[in-house]
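Overview (structure and organization)
As a plain string of letters, each chain reads:
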Amino acid sequence: MTRFSTLICVLIALVCCMQANAFAPSSQMSRLNVKSSTSSIHMGFGMPDEDVKPLTRENEPEEYFSTNLDKMSDNEKIPIAIGGFLFISLPFVAGMIALYASK
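Residues numbered from 1 in each chain as written. Predicted model: local features only at pLDDT ≥ 70, side-chain atom pairs only at ≥ 80, totals over all residues. Heavy atoms only, no water.

1. Considering the overall build of the protein chain
The secondary structure content of the protein chain amounts to four helices and zero strands. Along the protein chain, helices and strands appear, N-terminal first, in the series α-α-α-α. Looking at the protein chain as shown, the accessible area adds up to about 10800 Å², and 65% of this sits on carbon and sulfur atoms. (Helix = DSSP H or I, 4+ residues; strand = E, 2+ residues; numbered from the N terminus. Areas by Shrake-Rupley, 256 points an atom, 1.4 Å probe, with all protein chains shown as cover.)

2. As for the side chain of serine 89
Among the structural elements, serine 89 can be located in helix 4 (residues 74–101). In this structure the side chain of serine 89 is engaged in a polar contact, spanning 2.8 Å, whose partner is the backbone oxygen of phenylalanine 85. (Polar contact = N/O pair within 3.5 Å; in protein donor to acceptor, adjacent residues only side chain to side chain.)

3. Thoughts on the confidence of the model for the protein chain
Averaged over all residues, the pLDDT of the protein chain equals 77, while 66% of them reach at least 70. Here helix 2 (residues 27–33) is the element of the protein chain with the lowest mean pLDDT, 55, and helix 4 is the one with the highest, 95. (pLDDT = per-residue confidence, 0-100.)

Rendered as structure tokens:
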């Protein structure tokens, strides 16, 4: 049985390796499709406008967007943080209990 499962694993690995290059163009095809371009693209991304000043602490508006969670104190946020931790970790704990109970 171990030889059969080893053979299956080797065959699956071989098929995966063969299909890894299935969608890659061959070197001959890639040479034919390459077009050389001498022009460059000049877009204005990242260029500052003349009338816009950078945002600093002095010119920041007093009222800014904030959520209800931002308005809460740290003591009010602790139950939310604990709930998030439990929400993430409880499935793993339940899985471990199920694995150990099945032995």
